[in-house]
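For reference, the chains in residue letters:
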Amino acid sequence: MRVCVIGTGYVGLVTGVCLAHIGHQVVCVDNNEEKVKLMQSGQSPIYEPGLSELMTEAIREEKISFTTDLEAGVQHGEILFIAVGTPPLPTGESDTRYVEAVARGIGEHLTDGYKVIVNKSTVPIGSGDWVRMIVLDGVAERQKTLVPSGGGTATEIAVDFDVVSNPEFLREGSAIFDTFNPDRIVLGSNGDRAIAMMKDLYAPIVSRQFSEDKSGPTVPVVVTDLNSAEMVKYASNAFLATKISFINEVANICDRVGADVTQVAQGIGLDSRIGSRFLQAGIGWGGSCFPKDVLALIHTASDYGYTTDLLNATVSVNKRQRMIALEKLQQMLKILKGKTVGLLGLTFKPDTDDMRDAPALDLIDNLHRLGTKVKAYDPLISQSGMRHGLSNVIVETDPELLADGCDALVLVTDWKQFKGLDYAKMAKSMQNPVMIDGRNFLDRAALQAAGFQYVGVGR
Ligand SMILES: NC(=O)c1ccc[n+]([C@@H]2O[C@H](COP(=O)([O-])OP(=O)(O)OC[C@H]3O[C@@H](n4cnc5c(N)ncnc54)[C@H](O)[C@@H]3O)[C@@H](O)[C@H]2O)c1
Ligand SMILES: O=c1ccn([C@@H]2O[C@H](COP(=O)(O)OP(=O)(O)O[C@H]3O[C@H](CO)[C@@H](O)[C@H](O)[C@H]3O)[C@@H](O)[C@H]2O)c(=O)[nH]1
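Procedures and definitions
Residue numbers here run from 1 along each chain, matching the order of that chain's written sequence. Working convention: letters from A go to chains and numbers from 1 go to ligands, in the order in which they are written. Side-chain atom pairs in this predicted model are given and counted only at pLDDT of 80 or more, local residue features only at pLDDT of at least 70, and totals for whole chains, interfaces and linings cover all residues. In this description, strands pair whenever DSSP reports at least two bridges between them. Helix and strand assignments follow DSSP, with helices taken as H or I runs no shorter than four residues and strands as E runs no shorter than two, numbered in order from the N terminus. C-beta atoms are placed from the backbone for every residue, and two residues are taken to be in contact when these atoms lie within 7 Å. For every element, the axis is a line fit to its C-alpha atoms; helices are fit only across the contacting stretch, and the angle between N-to-C directions ranges from 0 to 180 degrees. As a rule, any residue with its backbone-derived C-beta atom within 6 Å of a molecule or strand is reported as near that molecule or strand. Classes in brief: Ala, Val, Leu, Ile, Met, Phe, Trp, Tyr, Cys and Pro nonpolar; Asp, Glu, Lys and Arg charged; the others, Gly included, polar. As annotated, the domain borders come from an automatic or database domain assignment. Each nonpolar core consists of buried Ala, Val, Leu, Ile, Met, Phe, Trp, Tyr and Cys residues. Their C-beta atoms, within 7 Å, join them into a set. Exposure classification rests on a simple neighbour count of other C-beta atoms within 10 Å of a residue's own: a residue reaching 20 or more is buried, one at 12 or fewer is exposed, and one in between is partly exposed. C-beta atoms are placed from the backbone. When the strands point away from the viewer and the connection leading from the first strand across the helix to the second strand turns clockwise, the crossover is called right-handed. The cut-offs work like this: below 35 degrees is roughly parallel, past 145 is roughly antiparallel, 65 to 115 is roughly perpendicular, and the gaps in between are oblique. Handedness of a crossing follows from how the near helix is turned relative to the far one, being left-handed for an anticlockwise turn of less than a right angle and right-handed for a clockwise one. Any helix carries an expected span of 1.5 Å times its number of residues minus one.

(A) A look at the sheet that holds strand β14 (residues 453-455). Spatially, β11-β10-β9-β12-β13-β14 is the arrangement adopted by the six strands of the open sheet, whose pairing is parallel. Each end of this open sheet is capped by a strand with a single partner; those strands are β11 (394-395) and β14. Here strand β12 (residues 408-411) runs beside strand β13 (residues 434-437); their pairing, made up of three bridges, is parallel. Paired with Leu409 across the strands is Met435, a residue of β13. Relative to the sheet, helix α13 (residues 324-333) contacts β9 (340-344), β12, β13 and β14, its axis offset from that of β13 by approximately 160 degrees.

Written out as structure tokens, the structure reads:
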């Protein structure tokens, strides 16, 4: 099928490349010229495991192209994906201005023939109907420009489209895997024709043709109304964030009573009603989605007169959890002023270059506030030189250089490379071999054998 994806960030580019891989003809549109030039030259502007390889293949097979020209994209696509950012406003609500600009632009360029407009961006509940309205506004704008040369009124522009909400559940760092191995596909629409086209689009994924386990059961497709599909996205993220806040709260109690949260998580996670995933206690959840989406849902509820006691607690537990590494550093080192702390990891999770709302950023700010020198090493940020927002941090290019002279190390991101470091060598070069393991990721006994005082979270 002919697909246009508008917005080529973590979601749009992965979606475009994966749809091209399964055989569709994809045009990706972005209004960032630099990004588009980079993609046209075959390079991905983001790091996502496996993305570059699939992108190169799709370009070689002429299944995908990149442009800044929205009109060309709209003309090409039978299915038009909106995948632009919806960042948080200071009030907590989503900033939908990029979605609005794209919807209006689509309306200004819609041509004859039926099109499906898909909200892939995470958008506030009710956005499906709102996008329809904005697209029609765009059509009306164009209509106004059509004045026949002899005067009179121009022929009415005829458009035919439906809006579908197709929320995205991929995780950064495993986005390609998640796209080919989804737990479910959610399609919200008021139009049967649109749903049928979306099912055709995803048929190779639904049939597991591209899954790791090709013989697995077909992927469930959940068809809902527009509002419910939008709510599925927010409720999923809110549930997962709540699950992590829950285990973090349990970890804080474990710390006080002398239990080990990693053992507790194993014990409770084996209950199939609970499940073992997203029960890793640590320094709190971050990234571009959980923080903004939980706040946006709280905001929506409040717009409708409802106070979200549970979600408010999810957020406040997380805020406090973001301080846990600092508290543990204070317990171990006492005064932090004049001390040097090294951070292992900067990104909000491993296998991504994304620093949006990363717990490392809070920690850095708090350490600076207390007069601590901060150094950091991150497998991706250190190598790529992407130091956006990190001007006060000494970014080392190797973990051993990081340890040199430090009073303590904090493991902030659970990059798998951190399992195999030469901790004995690192301990020797430190002022004070203290390891705060903010992700309960390292082997306590091995660290102690290497000469570290090891402190985990809730263990
Ligand atoms: N990042 C994730 O893991 C993830 C997962 C699921 C859902 N989402 C949701 O998907 C949406 C996109 O997230 P993202 O992380 O990919 O964002 P992003 O910031 O990485 O990318 C957004 C892209 O849209 C482009 N853009 C902005 N305005 C545009 C316009 N008018 N025309 C064309 N392009 C435009 C930007 O240049 C950018 O390349 C958000 O709503 C987010 O909540 C994100
Ligand atoms: O047991 C856990 C699992 C995760 N995290 C933290 O939670 C955050 C989010 O992690 P993860 O969900 O793996 O990454 P995201 O890429 O942010 O993905 C989430 O947000 C996306 C955007 O909405 C959704 O599409 C995904 O389904 C949803 O998992 C990170 O800071 C993790 O360190 C924990 O602290 N403990």
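After presenting the structure, the write-up continues.
(B) Inspection of the site of ligand 2 at higher detail. The environment of ligand 2 is made up of 21 residues, and the closest members are Glu172, Gln280, Trp285, Gly287 and Cys289. Among the elements of the structure, α9 (226-257) and α11 (290-303) are those that each provide at least two residues to the shell around ligand 2. Per element, the largest residue contribution to the shell around ligand 2 is three residues, and it comes from α9. Of the residues belonging to the shell around ligand 2, the class tally is ten nonpolar, six polar and five charged. A domain-level breakdown of the shell around ligand 2 finds at least three residues from each of domain 1 (2-224) and domain 2 (234-320).

(C) The nonpolar core, seen in detail. Judged by nonpolar contacts, the single largest core of 69 residues is most densely connected at Leu343, Leu363, Val410, Val412 and Met435. If one sorts the elements of this core by residue count, α9 sits on top with nine residues. Apart from the residues lying within four places of it in its own chain, the contact partners of Val410 are Ala325, Val341, Leu343, Leu344, Leu363, Ile436 and Gly438. Counting 55 residues, the second largest nonpolar core, distinct from the first, contains Val27, Ala58, Ile79 and Ile106.

(D) Expanded view of the domain arrangement of the protein chain. Here the protein chain is described as being made up of domain 1 (2-224), domain 2 (234-320) and domain 3 (322-455). For domain 2 versus domain 3, the separation of C-alpha centres amounts to 24 Å. Contact residues are listed per partner, giving 13 residues for domain 2 and 15 residues for domain 3. Top contributing element to the side of domain 2 that touches domain 3 by residue count: helix α12 (residues 309-321), with three residues. Residue classes in the side of domain 2 that touches domain 3 are distributed as three nonpolar, eight polar and two charged.

(E) A look at the site of ligand 1. Close contacts around ligand 1 come from 26 residues, with Gly7, Gly9, Gly85, Ser121 and Thr122 the closest. For the shell around ligand 1, the elements supplying multiple residues, two or more each, are α1 (10-21) and α5 (97-109). Tallied by class, residues from the shell around ligand 1 come to eleven nonpolar, eleven polar and four charged.

(F) Quick look at the pairing of strand β1 (residues 2-6). With respect to burial, β1 is a largely interior element, four of its five residues being buried. As defined by bridge partners, β1 adjoins strand β2 (residues 25-29) across five bridges and the pair is classed as parallel. For Arg2, the partnering residue across the bridge sits in β2 and is Gln25. Handedness of the crossover joining β1 and β2 through α1: right-handed.

(G) Spotlight on the packing of α9 against helix α10 (residues 261-269). Put simply, α9 and α10 touch, their axes get as near as 9 Å, and they point 135 degrees apart. Overall, the two elements α9 and α10 adopt an arrangement that is oblique. Every pair of crossing elements has a handedness; the one defined by α9 and α10 is right-handed. Two secondary-structure elements touch here, α9 through Ile247, Val250, Ala251 and Cys254 and α10 through Val261, Val264 and Ala265. Its residues placed into classes, the contact of α9 with α10 shows seven nonpolar, no polar and no charged.

(H) Highlighting the sheet that holds strand β7 (residues 185-189). The sheet built from eight strands is open, its strands ordered β3-β2-β1-β4-β5-β6-β7-β8 with mixed pairing. With one partner strand each, in any of the chains shown, β3 (64-67) and β8 (221-224) form the two edges of the open sheet. Across this sheet, the average inter-strand angle for adjacent strands is 25 degrees, counted without regard to direction. Two strands pair when backbone bridges link them, and β7 and β8 are joined in this way by four bridges, in the parallel orientation.

(I) Inspection of α1 at higher detail. Its twelve residues place the ends of α1 17 Å apart at the C-alpha level, agreeing with the 16 Å of an ideal helix rising 1.5 Å per residue. Within α1, twelve of the twelve residues are buried, leaving the element largely enclosed by the surrounding structure. Those residues of α1 that sit buried are Tyr10, Val11, Gly12, Leu13, Val14, Thr15, Gly16, Val17, Cys18, Leu19, Ala20 and His21. Along its buried surface, α1 packs onto β1, β2, α3 (51-60), β3, β4 (79-82) and α7 (175-180). Trailing α1 by a residue or two, Gly23 shows a phi angle of about 115 degrees, which is positive.

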